[in-house]
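Residues per chain are reported as follows:
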Amino acid sequence: MVIKGSFYSAETPDEIQYGRQRLVVIDQAGYIKAIIAPQEADYQTTWQQAARSDSLLELRADQVLLPGFIDLHIHAPQWPNAGLALDQPLAEWLNIYTFPLEAKYQDAHWARQVYRDLVKELLAQGTTTALYFGGVDNTGNFELAKACCHYQQRGFIGKVAMDNPEQTPANYRDANSAAALQGTEDFIKFIADLNHQAAVQLTPVITPRFVPSCTAETLAGLGKLAQQYALPIQSHCSESDWEDNYALEHFQKRDAAVLDQFGLLTQRSVMAHGTLLNDTDYQLFIKRQAALAHCPISNVYFGNAVLPVTHILHQPIKVGLGTDISGGYSPSIYQNIRQALISSRQLHDGVDGRLAPSQRGTGSSVLTAANGFYLATVGGARSLQLPTGQIKVGQLADLQIVHQNWTSTAQLTPQQIFEKLIYQTDKNNIDQVLVQGIIVKG
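Criteria and thresholds
- The written sequence of each chain sets the order in which its residues are numbered from 1.
- Residues qualify for local features only when their pLDDT is at least 70, as the model is predicted, and side-chain atom pairs are given and counted only at 80 or more; totals for whole chains, interfaces and linings, by contrast, use all residues.
- Excluding hydrogens and water, the side-chain figures rest on all heavy atoms present in the structure.
- We define a nonpolar core as any set of buried Ala, Val, Leu, Ile, Met, Phe, Trp, Tyr and Cys residues linked to one another through side-chain atoms lying within 4.5 Å.
- Burial classes: relative accessible area under 20% of the type maximum marks a residue as buried, over 50% as exposed, and values in between as partly exposed (1.4 Å probe, protein chains only).
- In this description a helix means any DSSP run of H or I spanning at least four residues, a strand means any run of E spanning at least two, and both kinds are numbered starting from the N terminus.
- The contact criterion used throughout is that any non-hydrogen atoms of two residues lie within 4.5 Å.
- When two rings of Phe, Tyr or Trp (its six-membered ring) have centres within 6.5 Å they constitute a pair, described as stacked for plane angles under 30 degrees, edge-to-face for angles over 60, and tilted for the intermediate range.
- Criterion for a charge above a ring: Arg CZ or Lys NZ at most 6 Å from the ring centre, at most 35 degrees from the ring normal.
- Any two strands are treated as partners once DSSP identifies two or more bridges connecting them.
- Orientation is described by axes fitted as lines to C-alpha atoms, over the contacting stretch for helices, and by angles from 0 to 180 degrees between their N-to-C directions.

1. Details of the nonpolar core
Next, step 1: With 64 residues, the main nonpolar core has Tyr-8, Ile-206, Leu-264, Phe-285, Ile-337, Phe-373 and Phe-418 as its most contacted residues.
Next, step 2: The element that contributes the greatest number of residues to this core is helix α14 (residues 369-383), accounting for 7 residues.
Next, step 3: Excluding anything up to four places from it in sequence, Phe-418 contacts Tyr-8, Ile-16, Ala-369, Ala-370 and Phe-373.
Next, step 4: Formed by 28 residues, the second largest nonpolar core is a distinct cluster that contains Leu-118, Val-119, Cys-148 and Val-435.

Okay, here's the thing in structure tokens:
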């Protein structure tokens, strides 16, 4: 396949590359083989050959090519609850709304309906790779994996482990540590078998829900499984005052240090939220080369603070974006980019008008549209150690084609058009989506 059109791709957190009317050549394995500029000698030949062989996808004047987005944190079973009960405290939100919903996924028919709808929706939103929390019961987890396989989304999926009877409901938890670990290993083997028929490979992920929900035996066992199978790890880390305080009270350590103690903070770990991480925690993330999933919409409701993303971007810490459905109400990474920029501005300026300007905000630098785009693409790819997230030779062709929904572009520079795309694009503007060179929407 050859795609002819203009594109935007992040080079660094601050630098966006604009390629005007390039030919993006995709090989049969789904990788970008070449990017040819109009002035290059083989431009016309490549264009004409693709047209003759019916393998040319030519963008309209109002369309641009972007990398597909990467969502680093989604609770897949919570999709039906997106937008519900966000005015409730975290404990009530979990126990009254979330856990009862997640317990329903022992029903394969229910799980199949929800997960097919979720995966289709995320692809329609331009999300080509997703890092999913599944549920406790593997019946539902198998259906989530099959939905990703069916719609050809790159899914990273974890069977949730939670066996601490003091912090989990009796009707929704692993029976004991042995059951949690066996269920995790069963899911790893299921994915290995499913990948024999998957056009886009899936990845099992070691998934302790968070430190409070797991016994020490389970945390230790999950760390060993991650090492045995060389797998990614996902969990929550310092998301809230409650979570932070639990680690200090029960382990006399910070949340990140507890995860590290059990071998769960590694170069393949992606930890969600991190709103209450301190400088010691950041140094541990750097040492272990672990990543952060910034969930800006969800953090407004349950994070108890604003993640200082610009501070993190200036350190060697991998960071990307997550929707955190259903703590976050929107499946759109575009919406989460915008909320990240808003929250950053509020962190900088402060929110309490009773304080003097010099005392009101942190004075930290604010995120830009370029920063947000980097987080949604390159940041997510690096967090998952994937060769994607950029329109560049050697990268997987995970792409979205979007059209502008305004008419007066004649006076706009490419930089201004880019900014408008970030702030104004929604699902209705996303015309086609490709995963590994396969058209999955459009």
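Resuming the write-up.
2. Some thoughts on the environment of Phe-142
Next, step 1: With respect to the helices and strands, the residue Phe-142 is situated in helix α4 (residues 138-151).
Next, step 2: You can call Phe-142 partly exposed: its relative accessible area is 24%.
Next, step 3: Expressed as a C-alpha distance, the spacing of Phe-142 and Arg-112, which sit 30 residues apart in the sequence, is 9.1 Å.

3. Digging into the packing of aromatic side chains
Next, step 1: Counting across every chain of the model gives 16 aromatic pairs.
Next, step 2: Where Phe-210 meets Trp-242, the ring centres are 5.4 Å apart and the plane angle is 80°; that geometry is what we call edge-to-face. Remark: Trp-242 occurs in helix α7 (residues 241-251) and Phe-210 occurs in the loop between β11 (207-208) and α6 (216-229); sequence separation between them is 32 residues.
Next, step 3: Trp-242 gets classed as partly exposed once you look at its relative accessible area, which sits at 35%.
Next, step 4: Following the ring pairs from residue to residue traces out a cluster consisting of Tyr-8, Tyr-18, Phe-69, Tyr-334, Phe-373 and Phe-418.
Next, step 5: Against the face of Trp-47 rests Lys-4, its NZ or CZ located 4.5 Å from the ring centre.

4. What about the sheet that holds strand β13 (residues 269-273)?
Next, step 1: Strand order across the open sheet formed by 4 strands is β12-β13-β14-β15, with parallel pairing between neighbours. Edge positions in the sheet fall to β12 (233-237) and β15 (318-321), since each has one partner strand and no second. Neighbour-to-neighbour, the strand axes of the sheet open up by a mean angle of 30°, direction not taken into account.
Next, step 2: Here β13 runs beside strand β14 (residues 291-294); their pairing, made up of 3 bridges, is parallel. Looking across to β14, one finds that Met-271 is bridged to Leu-292.

5. Quick word on the environment of Val-136
Next, step 1: With respect to the helices and strands, the residue Val-136 is situated in the loop between β7 (127-133) and α4.
Next, step 2: In the structure, Val-136 is positioned 44 residues away from Ala-180 in sequence and 8.1 Å away in space, judged by C-alpha atoms.
Next, step 3: In this structure, Val-136 is in contact with Asn-141, Lys-159, Val-160, Met-162, Tyr-172, Arg-173 and Asp-174, ignoring residues within four places of it in sequence.

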